[in-house]
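Observations on the model geometry
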Amino acid sequence: METPKARVHFHSLGCPKNRLDSEVMLGSLALDGYAIAERLEDADVAVVNTCSFIESAREESIRAILEVADLRETGRLRALLVTGCLPQRYGAELAKELPEVDAFIGTGQFQNVAHVLEEVLAGRSRGIYVDAGRTHLYDDTSPRLLIGPSHTAYLKFAEGCDRTCAFCAIPKIRGRFQSRGLASVVAEAQQLAAAGVKELNLVAQDSTAWGKELPGRPRLPELLRALDEIKELAWIRLLYVYPTSVTDDLLEILATGRRVLPYVDVPLQHASDRMLRTMKRGGSEATQRALVARLRAAIPQATLRTTFIVGFPGESEEDFHCLLDFVRASRFDHVGVFRYSDEEGTTAHALSEKVPRAVARRRHRELMALQQEILAEKLSSQIGREEVVLVDRKVRGGGVARLASQAPDIDGVVFVSGSVQVGDFVRVRITGVRGVDLEAKCLPDLTTRPDVAYEDAVSPPR
């Protein structure tokens, strides 16, 4: 066995798309002769893959870089690389402020991480590797090394964004929208399924824009139908559906797909007409309410997830109460709430009437408290039901699992008591609620008829 060039540890921050970028970089490094270190303490090289979407993400990224940089003082690390959104956005500034970092690699240079690291270790290069163009978009031929459990994975089928939302810096960081070809996406999904992946989570900055610039202009429902034919997969979950781009064809595959789950993640951001206009989101309170009604009518069993921003410049108490009324009436299954982050280079940054942070924090608390009441009622109504869950990890006396209605990392989980194995679908009875999570017990047939649980997972009740 050849001696590895170095042992590399990745610390990945931010969203699932960042984690996927880390997996592609890890695959490239492994192919080039580097060993992967699961623990930072065992590494010769550290790579911090950063996020800079909002202020809190930047602060977390800087803290992580400084913590890793401290190891340079002990001589245990030979090199430190910082990758991703933060150097893409602030590369030159970071190079001045963080001399401990050997190289900064932007989102357009992920494919060159092995070459950059080789140059750094040879003492030939310290610097900034950032392109002003589009983010590198991997494909099915790109090496990829999965992080975490082998039964679940993300698949990025598009990159960048052409929207002009007033609050968002993503287009400046990730570039113009670009789709992967249908054949490439299906090929990667088949590769993941062959490797044991049972749950596929599809991610992009703007999922519903997929295919718009490809030859023949294929649309998202066509891609979902092709993926739905991969029999080795059980759950396929689509994330980030733009609210003004929900078509009848999309609703049909979400309602009838055998493996495509009836899970609709549609970031609405607000409900007030005035706020939606200022945010440059399109639509109105009336169209938002009509969309929720349309989703529920077309997919009665749908899981609805959304996100909102409070404290946007100019948001009045009237606007906020409009949002509260909307959430109260809509009864979403999952809601994420963000306080507005004033991002340089966005349209909103130039707006006056900034909402005081204390007011934004108070509105955040109020909206989250309302959603927690709704969620508590929804979770309590599930007690006594028999369900199929996917086990993510084992704990003493059982495991931590998820329903088809629970996306990894962002929704709740199910604490299962009984003998379970990671990656298995098991049949359970819901027995209680624990905060935002559920408790359940394994049913007797799970060990004798695992095929039954798997078939139920592939064809969940609709």
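Before reading on, note that the structure itself is shown above.
Since we're looking at a predicted model, the values are computed, not measured. (Residues numbered from 1 in each chain as written. Predicted model: local features only at pLDDT ≥ 70, side-chain atom pairs only at ≥ 80, totals over all residues. Heavy atoms only, no water.)

**Examining the sheet that holds strand β2 (residues 35-36)**
Taking strand neighbours across the sheet as the criterion, the six strands line up as β2-β1-β3-β4-β5-β6 in an open arrangement whose pairing is parallel. The strands lining the two open edges of the sheet, one partner per strand, are β2 and β6 (127-129). Relative to strand β5 (residues 103-105), strand β4 (residues 79-84) runs parallel, the two sharing three bridges. Looking at β5, one finds that V82 is bridged to F104. Helix-sheet contacts for helix α3 (residues 85-97) involve β3 (45-50), β4, β5 and β6, and the interaxial angle to β4 is about 130°. (Pairing = 2+ DSSP bridges. Helix = DSSP H or I, 4+ residues; strand = E, 2+ residues; numbered from the N terminus. Contact = heavy atoms within 4.5 Å. Axes fitted to C-alpha atoms, helices over the stretch in contact; angles between N-to-C directions.)

**Section: the pattern of salt bridges**
Following the criterion strictly, the structure yields 35 salt bridges and no others. The salt bridge partner of E315 is R363, with a shortest N-O separation of 2.8 Å. Placement of E315 in the loop between β13 (303-310) and α11 (317-330) and of R363 in helix α12 (residues 357-380) is noted, with a sequence separation of 48 residues between them. Residue classification places R363 among the buried residues on the basis of a relative accessible area of 4%. Among the ionic contacts, a cluster of salt bridges with common partners joins R19, E23, R144, R180, E188 and D409. (Salt bridge = Lys/Arg side-chain N within 4 Å of Asp/Glu carboxyl O. Buried < 20%, exposed > 50% of the residue type's maximum accessible area, 1.4 Å probe, protein only.)

**Overview of helix α4 (residues 113-121)**
The complete set of buried residues in α4 reads V113, A114, V116, L117, E119 and V120. Next to the buried residues of α4 lie β1 (7-12), α1 (16-31), β3, β4, β5 and β6. One or two residues past the end of α4 sits G123, with phi positive at roughly 75°.

**Digging into α3**
Between its first and last C-alpha, α3 extends 17 Å over 13 residues, near the 18 Å set by a 1.5 Å rise per residue. Of all the bends in α3, the greatest measures close to 95° and is centred on G91. All of the buried residues along α3 are C85, L86, P87, Q88, R89, Y90, G91 and L94. (Expected span 1.5 Å × (residues − 1). Bend = angle between axes of the 7 residues up to and from the residue.)

**Remarks on the packing of aromatic side chains**
On inspection of all chains with the given rule, the structure shows five aromatic pairs. Where F308 meets F326, the ring centres are 6.2 Å apart and the plane angle is 90°; that geometry is what we call edge-to-face. Remark: F326 occurs in helix α11 and F308 occurs in strand β13; sequence separation between them is 18 residues. With a centroid separation of 6.1 Å and 65° between ring planes, the pair formed by F308 and F332 is classed as edge-to-face. Of this pair, F308 sits in strand β13 while F332 sits in the loop between α11 and β14 (334-339), placing them 24 residues apart in sequence. Both residues of the pair, F308 and F332, count as buried. By the ring-pair criterion, three or more aromatic residues cluster together here, those being F308, F326 and F332. One cation-aromatic arrangement involves R163 over Y242; the distance from NZ or CZ to the ring centre is 3.6 Å. Note that R237 overlies the ring of Y263, its terminal NZ or CZ placed 5.2 Å from the centroid. (Phe/Tyr/Trp six-rings, centres within 6.5 Å; stacked < 30°, edge-to-face > 60°. Lys NZ or Arg CZ within 6 Å of the ring centre and 35° of its normal.)

Function-wise, these values are silent; they only describe arrangement.
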